[in-house]
Amino acid sequence: MVKRKLGALEKVEADLPNLQNKIRKDPKSYIEDFRAQHYQYESHREIFMAAPTSANDTGIISLRELIDFISHVADCYPTITKDFPQQLMDILTQHHLVLEPELREKIVGSLVLLRKKELVDSATLLQTLFPILITTPSKTLRALIFQKILMDLRTANVKTINHKLNRVMQTVLFNLVTSDRTSSKGLWAIKLVRELWKRQIWTDAKTVEVMKEACLSENEKVVVGGVRFFLGGDKEREEAEDESSDEEAIDMGQVKHQVGINKKTRKKAKSVEKARAAVKRKERKKNQPHPLNFSALHLLHDPQGFAESLFARHLQTAKSKLNLDQKLLVLQLVTRLVGLHKLHIIHLYSYFQKYLTPRQPSVTSFLASLAQATHDLVPPDVLEPLVLKIANEFVSEASASEVATAGLNAIREICVRQPLAMNDTLLQDLVMYRKSKDKGVMMAGRGLLSLFREVGPEMLKRRDRGKDASMGLRSGDKREKRYGEQETGGIEGIELLEQWKEEERKKRRAEKGLASDAEDDEEEDEEDNWDDWNVEDDEDSDDSGGWIEVESDAEIELSDSEDEKDKDPSRPSKKAKQDGATNDEKSESKDDSKPENKFSTLATTRILTPADLAKLQELRTNAAVDALVPGNKSSRKQNSNAARHIDDPLTAEEIEGLAALSAGKATREERIARAKEFKTDREDHKSVTAKRKERKESQGKSTTNKEKQRRKNLFMTLGKAKGKNKRSLVETRNVLRAHQDRQKRGGRRGNIGM
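The structure presented is a predicted model; accordingly, all values stated were derived computationally and were not measured.

What counts and what doesn't
Residues numbered from 1 in each chain as written. Predicted model: local features only at pLDDT ≥ 70, side-chain atom pairs only at ≥ 80, totals over all residues. Heavy atoms only, no water. Helix = DSSP H or I, 4+ residues; strand = E, 2+ residues; numbered from the N terminus. Buried < 20%, exposed > 50% of the residue type's maximum accessible area, 1.4 Å probe, protein only. Contact = heavy atoms within 4.5 Å. Areas by Shrake-Rupley, 256 points an atom, 1.4 Å probe, with all protein chains shown as cover. Phe/Tyr/Trp six-rings, centres within 6.5 Å; stacked < 30°, edge-to-face > 60°. pLDDT = per-residue confidence, 0-100. Core = buried A, V, L, I, M, F, W, Y, C linked by side-chain atoms within 4.5 Å. Polar contact = N/O pair within 3.5 Å; in protein donor to acceptor, adjacent residues only side chain to side chain. Salt bridge = Lys/Arg side-chain N within 4 Å of Asp/Glu carboxyl O. Expected span 1.5 Å × (residues − 1). Axes fitted to C-alpha atoms, helices over the stretch in contact; angles between N-to-C directions. Parallel < 35°, antiparallel > 145°, perpendicular 65-115°, else oblique. Nonpolar A, V, L, I, M, F, W, Y, C, P; charged D, E, K, R; others polar. Patch = residues over 30% accessible without salt bridge, like charges linked within 9 Å, V, L, I, M, F, W, Y side chains within 5 Å. Left-handed = near helix turned anticlockwise from the far one by under 90°.

**Some details on the overall build of the protein chain**
Inference 1: Tallying secondary structure elements over the protein chain gives 38 helices and zero strands in all.
Inference 2: Each of the 754 residues in the protein chain was classed as buried or not, and the buried ones make up 35%.
Inference 3: Taking all contacts inside the protein chain whose residues are at least 6 apart in sequence as the whole, residues at least 24 apart take part in 71%.
Inference 4: Here the protein chain displays about 47900 Å² of accessible surface, and carbon together with sulfur accounts for 50% of that area.

Here it is as structure tokens:
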């Protein structure tokens, strides 16, 4: 009887997939079959829990198949399987070290399946799997659990943000990082947070606080992981967003028409494409600052305290365990925080003193970090010794061209952010390097010269200022900024819109046959009339009925002015005031006619329509593209501060300049291969006969008899040529007639009747 019962159970177990399908269709009819399988599962589980290490293969396989079966149909019998999820959690938590790998993976997959069926909540599942993730030595199990946790968090935040679950997990990760700062377990928190940040699931300030605590850890791997998140996490998120979203294409026809009027070359086309990509990235960054896309560096609660703690814990102390490359990463983060938030860490600049030598490894990274740590609120007397040391150590006639280029570029980047760090004498010496024979040094010197033509032309000699800077100094537009002085805000590119409107107005007047240089339009006359009426209404405060004519008003003013002139000769008359006001207005209009003193009042005098805003955006894009395309005059006038976005880091390659391109000089073969890379193959220019011949040879076909005779050796044809010379006229005639007959027949064999 017992053998018959066991045989029946084994038969049902062998047909578990079929039974599973039947239960899904009609759960009530197969409840007894399910009870039998559940009873067998209980038996196998009790045997396994009693001795997990001594379980045989047959029992493990049976237990695995039963777990898979019950997890798929557990939602059909919730009363019978109410303890099933907890039993799986107990098996995994207590015996995950000794579990057979396939059984272990099956239990994890079954728990995730139960979570999808909503038999287990996400918080319980994650609190079960996460401790195993950070303690198990199995690499495959860690990868599996990490994938399942990430997938569950993504699923929980698909429709709406699950704030409760996110807070629970963020608290767990925060405690994991802060509980033991010497342990490497915080790496799992870093990996999880970085993936969720990249996929834009966690984008709040609490996520950033977890990574902030990771940066302040004492474990080297945890510190580097946290620092890399702040330095590259936003870039990864942007790249992932670029891959998943289609961007709007800019009208490249118009852009190419602007820059390719003369001759279209591949180099110019590449520069246009590069400019277009740069403008799109810049516009995307401008449009992104909404709550879901804030940068991690902007979400820090206390950037000043964070930067000071990083600098004191990992850089300033001699007990730091970080190597040079890891210290450079931390230094880049500290300097980016200082430059972005305009922080004040004065002892940071004295830290750079011992590293500003050409013999220092990765010295360009130190120079880039120093430039990043500079902003317009840093005292100039703190930066002057550093600029002077860079000039003395790097920029000299005895220095190598790469060293001098790096020094000049570093000084330029520092002066872009704080021009007051430069003095007149040093600037005159550095500007002379624009005449160097080395291209990198020459370009670095010219870059420094063009910068100070914009920000401080009075520090240059008169012959070095250029026309625009000299005119700006003469008109008073260009002057040196004082320490801490800030520019007034305004609408970017509003002068472009005003200029476009002026050109359109002139076109309309030209179409109507009116003078295009007329100063007043009907609308402007109407606005002036309204302004005059408002002024008269303010001056005449008495309540008088009816309209006042201009002539009578003028007579009254004249009489009043004469009476007042008799009473008080020292007081000027109203007519004199009006004449003075008219003269002032004329002088102001003359001053306003100069382009240097002209200030755009379009936004304050007119309401901008949606069409105006769209045109303004188009003009901004075109101006930005023109400025980035090399060779355009607008790029020379562009301010260096506006060229770089405030969130973009400064790299060592930008400090090195052309030296980074020529660091590893290519061999002759590499240069030839690079030159031939974009050139067409010479075989493409062969004749039709040569191409036909190659095609026949590739197909294995033979050549014609004429080609064979043409290739025949000369000595093989001498006998035939001598025989031709000995022919008589009759033999020659017969040979020619025979040749004509063969041609008519189509050769020796002939083609007649074929």
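**A few points about the environment of Ile31**
Inference 1: Inspection of the secondary structure puts Ile31 in helix H3 (residues 31–50).
Inference 2: Along the sequence, Ile31 and Cys76 sit 45 residues apart, while their C-alpha atoms lie 9.4 Å from each other.
Inference 3: Filtering out sequence-adjacent residues up to four positions away, Ile31 remains in contact with Tyr77 and Ile80.

**Section: the packing of aromatic side chains**
Inference 1: A complete count under the given rule lists eleven aromatic pairs for this structure.
Inference 2: Each ring, one from Phe146 and one from Trp188, has its centre 6.0 Å from the other, and the planes form 50°; the classification is tilted. Taken together, the positions of Phe146 in helix H8 (residues 139–156) and Trp188 in helix H10 (residues 186–198) put the pair 42 residues apart, joining distant regions of the chain. Judged on exposure class, the residue Phe146 and its partner Trp188 are both buried.
Inference 3: Measuring from centroid to centroid gives 5.2 Å for Tyr351 and Tyr355, while their planes differ by 50°, and the two rings are tilted.
Inference 4: Judged by relative accessible area, Tyr351 falls into the buried class, the value being 10%.
Inference 5: Judged by its relative accessible area of 13%, Tyr355 is buried.

**Here we look at the confidence of the model for the protein chain**
Inference 1: The predicted model of the protein chain averages 77 in pLDDT, with 76% of residues at 70 or higher.
Inference 2: Of all secondary-structure elements in the protein chain, the lowest mean pLDDT belongs to helix H26 (residues 550–567), at 41, while helix H19 (residues 380–394) reaches the highest, 93.
Inference 3: Segment residues 1–12: pLDDT under 50, and five contacts once partners within four positions in sequence are set aside and those in other chains are kept.
Inference 4: Contacts of residues 524–598 to residues separated by more than four positions or lying in other chains number 18 contacts, the stretch itself having pLDDT below 50.

**A word on helix H18 (residues 363–372)**
What sets the pattern is the α-helix's 3.6 residues per turn: residues three or four places apart point alike.
Inference 1: With ten of ten residues buried, H18 is to be regarded as a mostly interior element.
Inference 2: Buried within H18 are the following residues: Val363, Thr364, Ser365, Phe366, Leu367, Ala368, Ser369, Leu370, Ala371 and Gln372.
Inference 3: Summarising the contacts, the buried residues of H18 are in contact with helix H16 (324–341), helix H17 (346–351), H19, helix H20 (401–417) and helix H32 (652–656).

**What about the nonpolar core?**
Inference 1: Formed by 136 residues in total, the largest nonpolar core has its most connected members in Leu192, Phe230, Met422 and Phe452.
Inference 2: Other than its neighbours up to four places away in sequence, Met422 contacts Val387, Ile411, Cys415, Leu427, Leu430, Phe452 and Met459.
Inference 3: By size, the runner-up hydrophobic cluster in this structure holds six residues, among which are Ile494, Leu497, Leu602 and Leu619.

**A look at the side chain of Gln170**
Inference 1: Take Gln170: it is sitting in helix H9 (residues 163–179).
Inference 2: On the accessibility criterion, Gln170 (2% relative accessible area) is buried.
Inference 3: Within the structure, the side chain of Gln170 is placed 3.2 Å from the side chain of Thr207, a separation counted as a polar contact.

**What about the pattern of salt bridges?**
Inference 1: Applying the stated rule across the entire model yields 18 salt bridges.
Inference 2: In this structure, Arg115 and Asp152 form a salt bridge, with 3.3 Å as the shortest nitrogen-oxygen distance. Here Asp152 lies in helix H8 and Arg115 lies in helix H6 (residues 101–116), a separation of 37 residues in the sequence. The same class applies to Arg115 as to Asp152, namely buried.
Inference 3: Between Lys501 and Asp612 there is a salt bridge, and its shortest N-O distance comes to 3.2 Å. Taken together, the residues Lys501 in helix H24 (residues 494–512) and Asp612 in helix H29 (residues 610–628) connect sequence positions 111 residues apart.
Inference 4: Classification of Asp612 by relative accessible area gives buried; the value is 10%.
Inference 5: Here the salt bridges do not stand alone but share partners, grouping Arg24, Asp75 and Lys117 into one network.

**Quick notes on H20**
Inference 1: For H20, built from 17 residues, the straight-helix expectation of 24 Å at 1.5 Å per residue is met to within 8% by its first-to-last C-alpha distance of 25 Å.
Inference 2: Of all 17 residues making up H20, 14 are buried, and the element is well covered by its neighbours.

**Considering unusual backbone geometry**
Inference 1: A positive phi is found at Glu118, a non-glycine position, where the angle reads about 65°.
Inference 2: In this fold, Glu118 is placed in the loop between H6 and helix H7 (122–135).

**A short note on the packing of H9 against helix H11 (residues 205–215)**
Inference 1: Axis separation between H9 and H11 bottoms out at 9 Å; the angle between their running directions is 10°. Considering their axes alone, H9 and H11 lie roughly parallel with respect to each other. Contact residues: H9 offers Arg167, Gln170, Thr171, Leu173, Phe174, Val177 and Thr178, while H11 offers Lys206, Thr207, Glu209, Val210, Glu213 and Ala214.
Inference 2: For the contact of H9 with H11, the residue count by class is five nonpolar, four polar and four charged.

**Remarks on a nonpolar patch on the surface**
Inference 1: The grouping of Leu714, Phe715 and Leu718 at the surface amounts to a nonpolar patch, some 340 Å² of accessible area in total.
Inference 2: Within the fold, Leu718 resides in helix H37 (residues 714–725).

**Some words on the packing of H7 against H9**
Inference 1: Contact pair H7 / H9: the axes reach a minimum separation of 10 Å and the direction vectors enclose 20°. Regarding the angle of H7 to H9, the classification is roughly parallel. Crossing of H7 over H9 shows right-handed handedness. In this structure, H7 contributes Ser122, Ala123, Leu126, Gln127, Phe130 and Ile134 to the contact, and H9 contributes Leu165, Val168, Met169, Val172, Leu173 and Leu176.
Inference 2: Residues belonging to the contact of H7 with H9 are distributed by class as follows: ten nonpolar, two polar and no charged.

**Focus on the environment of Ser271**
Inference 1: Mapping Ser271 onto the fold places it in helix H14 (residues 266–287).
Inference 2: With relative accessibility at 14%, the residue Ser271 sits in the buried group.
Inference 3: Taking the C-alpha atoms as reference, Ser271 lies 9.7 Å from Val625; in sequence the two are 354 residues apart.

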